[in-house]
Amino acid sequence: MIELKGVSRRFGEVLAVNAISLVVETGEVCVLVGSSGCGKSTTLRMINRLLPSTAGEILVDGKNVCDTDLQTLRLNMGYVIQGTGLFPHWTVARNIGLVPGLLKWPEARIRERVDELLQLLGLDQEGFVDKYPHQLSGGQAQRVGVARALAADPNILLMDEPFGALDAITRETLQNEMLRIKQQLGKTTVFVTHDIDEALRLADRIAVMDQGRLIQYDAPEAILRRPASLFVETLVGSQDRGLKMTGLQRVGDAMQRHLHPRPRDLDKPGVREHETLRQALSLMLWQGTESLPVMDEDGAEIGIISRAQIWAGGH
Amino acid sequence: MAIWRAPLTWLVILLASAGLMPDLMPVLFPGQASLVYQRDSFLWLLQHHVMLVAASASVGTLLAIAGGIMVTRPWGRDFLPLVSQIASIGQTVPPVAVLALAVPVLGFGDGPTVMALLLYGLLPVLRNTLAGLDSIPAAVTEAARGMGMSSAQVLIKTELPLAGRVILAGIRTSVTINIATAAIGSTIGARTLGDPVIAGLVNGNTAYVLEGAVLIGLLAITTDSLFEALERFWARRFSATPGTV
Ligand SMILES: Nc1ncnc2c1ncn2[C@@H]1O[C@H](COP(=O)(O)OP(=O)(O)O)[C@@H](O)[C@H]1O
Ligand SMILES: [Mg+2]
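Keep in mind it's a predicted model, so treat the numbers as computed, not measured.

**Considerations on a positive patch on the surface**
Side chains of Arg-94 and Lys-104 of chain A together with Lys-157 and Arg-237 of chain B sit close together on the surface and give a patch of like positive charge. As for its placement among the helices and strands, Lys-157 of chain B is situated in helix α7 (residues 151-184).

Next comes the structure, spelled out in C-alpha cells:
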C-alpha cells in the first residue's frame, strides 16, 4: 500500500506538485494522468526518493519512505521509464539480472529468473539474452525494461510513460501484456501516462492531475460517469464517453451464457469473452448484425452477446 | 590477441633501434666514429624518458579523472563551469611555453620537467572525462539510481565503462603530446632522448639530431599504437559495437 499525505514539491518558484493526497491499495494499479508538465513524473519520483518532497509524507506499507534505507527502498520498487534506460554495454540477460545481482543472488538463480521473465514477456527466443539493447526494437527494449523492473519480484512497480515512445500497435500489445501481468502478479503499481485511453484501460483507479493538483481520484467508470470538473470532462472527451464506457467492460460479464458450451459455427464471426464490449460493438457494426457468438479460449461457443446487452453497459 | 600485435612490433623496433644505434651508424657511415652520440647510452636515455612521461602521466591522469568525476557529482557541480573553462584555456598554451614558464617557478632538472608535463597533461584527460561522462544518456543513470544502485555503483558499473573509451582517448592525446614535450625538457636539464638532439644542434652534428629524433618518433608511434589497441580492447569489453564510440 502506498499513501501520499499532502505531498508537495517545489522547484524554485514553480510548485510542481501541490499537496497531493491519495492511497494506492495493495495490488491495485493507480494511473496518474494529465497533460505534460502537470507534475506526474515528479510525484512518481518522490515515491522512490529520486526527488525529495518539500512537504507532506509518503508511506509505503505504513512506513515513511524517508525512514527506509534508500537502496533498500529502491531495490523493492521496480522502476520503468520511457527511454528504457537499459545499460547499452550490458546484454539483455545482464540488464534483467541487474537487481538480483545487486541483491547478491547466486548466478544460477539469476539465470533461472531471467529465463522465467523472458517467458513471461514473450521474449524467449533463441539467443535473445545475448543481444545488446541497440539490437532490439522499441517494443522489445521496453519489454526488457519491464522484465528488469520485475526481476527481484518487488512489491511495488513504478512506471513513467513506459509506452509513450512506441507506435500505436506495439503500445496496444504492451498494454495487453500489462493487463496479463497485472492479473498474474498483482503488483501495487503507480503508472504515469498522458494518454487517457491508456489510463482507462490499465487503471483500477485513475488520478487526474492538473498543474500540480489532484483533481479527481476514482475508478475509471466513475471518472467517465461523474467527471469532477470541466477539466476532467474535457480530458475524457464528453463526446465519446459512451464508447469509452463500453471499452471498460468485458464481453464475458455482459453476455448471455449458454448452459453448455456448443461447437463453434465457423462461418459466423465471434468475439472472445475477455474482449471489451467496444470490440464487440465494432464488430457488430461492421458485420451489420444484432448479436455475436462468444468463444472461450478453446474456440467453443459459450454464449451470445446482443446489441441490447451492450446498450445496457454503455451508459 | 591480434590487437596487441602492432604495439608489440613497434616496441621491438624501438628497442632494437635504441640498442643497435651505436653499432648501426658506423656501418651506415663507415669511418666516422664521431657520428654516434656517446655521452649516455640510448637505452638509458629511452628508459629515463619513458619514466619521466610515465610518472607525470599516471599522476596527472588520476588527478584529472578524479577531478572530472568530482565536478560531475551533485555536490561538486558548482565547480563544473570553472574547471571546464580552465581545461579548455589550458589547451591553447603551447607545450614549449609550459616548460619556459616552469623554469622561473620550479627551477631546472627532472623534477620541474615532471611537474610541467603533469600540469600540461591534465587538460586533455580532464576535458575528455567531462565529455565522456556528459555523453551518457540521462535515462541510463536515472534508471540505474531508480533501480537501487548506490552512487559508487552507478559510477563504476555504468558511467566509467561507458565514458572509458573517450577518457582513454584523452590519455592517449596527453601522453603523446608529453613524449614530445619531455624531449624539450632536455633544454631545462632533464635527461631525455632530447639530449642528443640538443647536443647535435649546439655542436652542429646533424647525426646526433637524427638519432634522437628517430627514437623519439618511434617511442611516440609505439605509445600511440599501444593506446589504439587499448581503446579497441575497451570497446570490445564494454560496448556492443566494437570500433565505434
Ligand atoms: N529537476 C527539475 N528542476 C526544475 N523544474 C522541474 C524539474 N523537474 C520538473 N520540473 C518542473 O516541474 C513541473 C512538473 O514536471 P513533471 O513532473 O516532469 O511533469 P509531467 O511528468 O507531468 O510531464 C514542470 O513545470 C517542470 O518544468
Ligand atoms: Mg513526465
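**Remarks on a nonpolar patch on the surface**
Residue and element names in this part refer to chain B. On the surface, Leu-8, Leu-11, Leu-15 and Leu-43 cluster together into a nonpolar patch covering about 340 Å² of accessible area. Sort the elements by how many residues they give to the nonpolar patch and helix α1 (residues 5-28) lands first, with three residues. Relative to the elements of secondary structure, Leu-15 occurs in helix α1.

**So, the sheet that holds strand β8 (residues 188-193) of chain A**
Residue and element names in this part refer to chain A. Strand order across the open sheet formed by six strands is β6-β7-β8-β3-β9-β10, with mixed pairing between neighbours. In the strand order of this sheet, the two ends are held by β6 (77-81) and β10 (213-218), each with one partner. Averaged over all adjacent pairs, the angle separating strand axes in this sheet is 15°, with direction ignored. Bridging between strand β3 (residues 29-33) and strand β9 (residues 205-210) involves four bridges; their strand directions are parallel. Looking at the pairing, Val-33 lines up with Val-208 of β9.

**Re unusual backbone geometry**
With the exception of glycine, the majority of residues adopt a negative phi angle, and the majority of peptide bonds are in the trans configuration. All names here are of chain A. Its identity as a non-glycine residue notwithstanding, Ala-19 has a phi of 45°, on the positive side. Note that Ala-19 resides in strand β2 (residues 14-24). Unusually for a residue other than glycine, Asp-153 sits at a positive phi of about 55°. The exposure class of Asp-153 is partly exposed, given its relative accessible area of 46%.

**Brief notes about the pattern of salt bridges**
Between side chains of opposite charge, a pair can form as their charged atoms come close. All names here are of chain B. Counted under the stated rule, the structure contains 21 salt bridges over all chains. Measuring nitrogen to oxygen at the nearest pair gives 2.8 Å for the salt bridge that ties Arg-172 to Asp-224. Linking Arg-172 in helix α7 with Asp-224 in helix α9 (residues 206-238), this pair joins segments that are 52 residues apart in sequence. The partly exposed category is assigned to Asp-224, whose relative accessible area is 25%. Each of Arg-172, Asp-224, Glu-228, Glu-231 and Arg-232 takes part in a single network of salt bridges with overlapping partners.

**Details of the site of ligand 1**
Residue and element names in this part refer to chain A. Neighbouring residues of ligand 1: Phe-11, Ala-16, Ser-36, Gly-37, Cys-38, Gly-39, Lys-40, Ser-41 and Thr-42. Between ligand 1 and the protein, one listed contact pairs an oxygen atom with a backbone N or O atom of Gly-37 at 2.6 Å. Within the backbone of Lys-40, an N or O atom sits 2.9 Å from an oxygen atom of ligand 1. With the chains in place, 57% of the 560 Å² that ligand 1 exposes on its own is no longer accessible. Top element by residues in the shell around ligand 1 is helix α1 (residues 40-47). It accounts for three residues.

**Comments concerning the domain arrangement of chain A**
As assigned here, chain A comprises domain 1 (2-238) and domain 2 (251-313). Distance from the C-alpha centre of domain 1 of chain A to the C-alpha centre of domain 2 of chain A: 33 Å.

**Considering the interface of chain B and chain A**
On the chain A side, the residues contacting the 20 residues of chain B number 24 residues. Summing both sides of the interface, chain B and chain A together bury roughly 1,900 Å²; the carbon and sulfur share of this comes to 68%. Linking chain B with chain A are one salt bridge. Measuring nitrogen to oxygen at the nearest pair gives 2.4 Å for the salt bridge that ties Glu-142 of chain B to Arg-45 of chain A. The tally of links from chain B across to chain A stands at five residue pairs in polar contact (both at pLDDT 80 or more). Of the residues in the side of chain B that touches chain A, the class split is ten nonpolar, seven polar and three charged.

**Focus: helix α4 (residues 95-106) of chain B**
Residue and element names in this part refer to chain B. The end-to-end C-alpha distance of α4 is 16 Å, a good match for the 16 Å that twelve residues give at a rise of 1.5 Å each. Within α4 the residues assigned to the buried category are Val-98, Leu-99, Ala-102 and Val-103. For α4, the buried positions fall inside an angular range of 145° around the axis, keeping them on one side. Within α4, the exposed residues directed more than 90 degrees away from the buried face are Ala-100, Leu-101, Pro-104 and Val-105. Each element contacted by the buried residues of α4 is listed here: α5 (110-134) and α7. Just downstream of α4, Gly-107 is the residue with a positive phi angle, here 90°.

Analysis parameters
Residues numbered from 1 in each chain as written. Chains lettered and ligands numbered in written order. Predicted model: local features only at pLDDT ≥ 70, side-chain atom pairs only at ≥ 80, totals over all residues. Heavy atoms only, no water. Patch = residues over 30% accessible without salt bridge, like charges linked within 9 Å, V, L, I, M, F, W, Y side chains within 5 Å. Areas by Shrake-Rupley, 256 points an atom, 1.4 Å probe, with all protein chains shown as cover. Salt bridge = Lys/Arg side-chain N within 4 Å of Asp/Glu carboxyl O. Lys, Arg positive; Asp, Glu negative; His and termini not counted. Charge placed at Lys NZ, Arg CZ, Asp CG, Glu CD. Helix = DSSP H or I, 4+ residues; strand = E, 2+ residues; numbered from the N terminus. Pairing = 2+ DSSP bridges. Axes fitted to C-alpha atoms, helices over the stretch in contact; angles between N-to-C directions. Buried < 20%, exposed > 50% of the residue type's maximum accessible area, 1.4 Å probe, protein only. Near = heavy atom within 4 Å. Polar contact = N/O pair within 3.5 Å; in protein donor to acceptor, adjacent residues only side chain to side chain. Domains from an automatic or database assignment. Contact = heavy atoms within 4.5 Å. Buried area = accessible area lost by both parts, 1.4 Å probe. Nonpolar A, V, L, I, M, F, W, Y, C, P; charged D, E, K, R; others polar. Expected span 1.5 Å × (residues − 1). Arc of directions from axis to C-beta.

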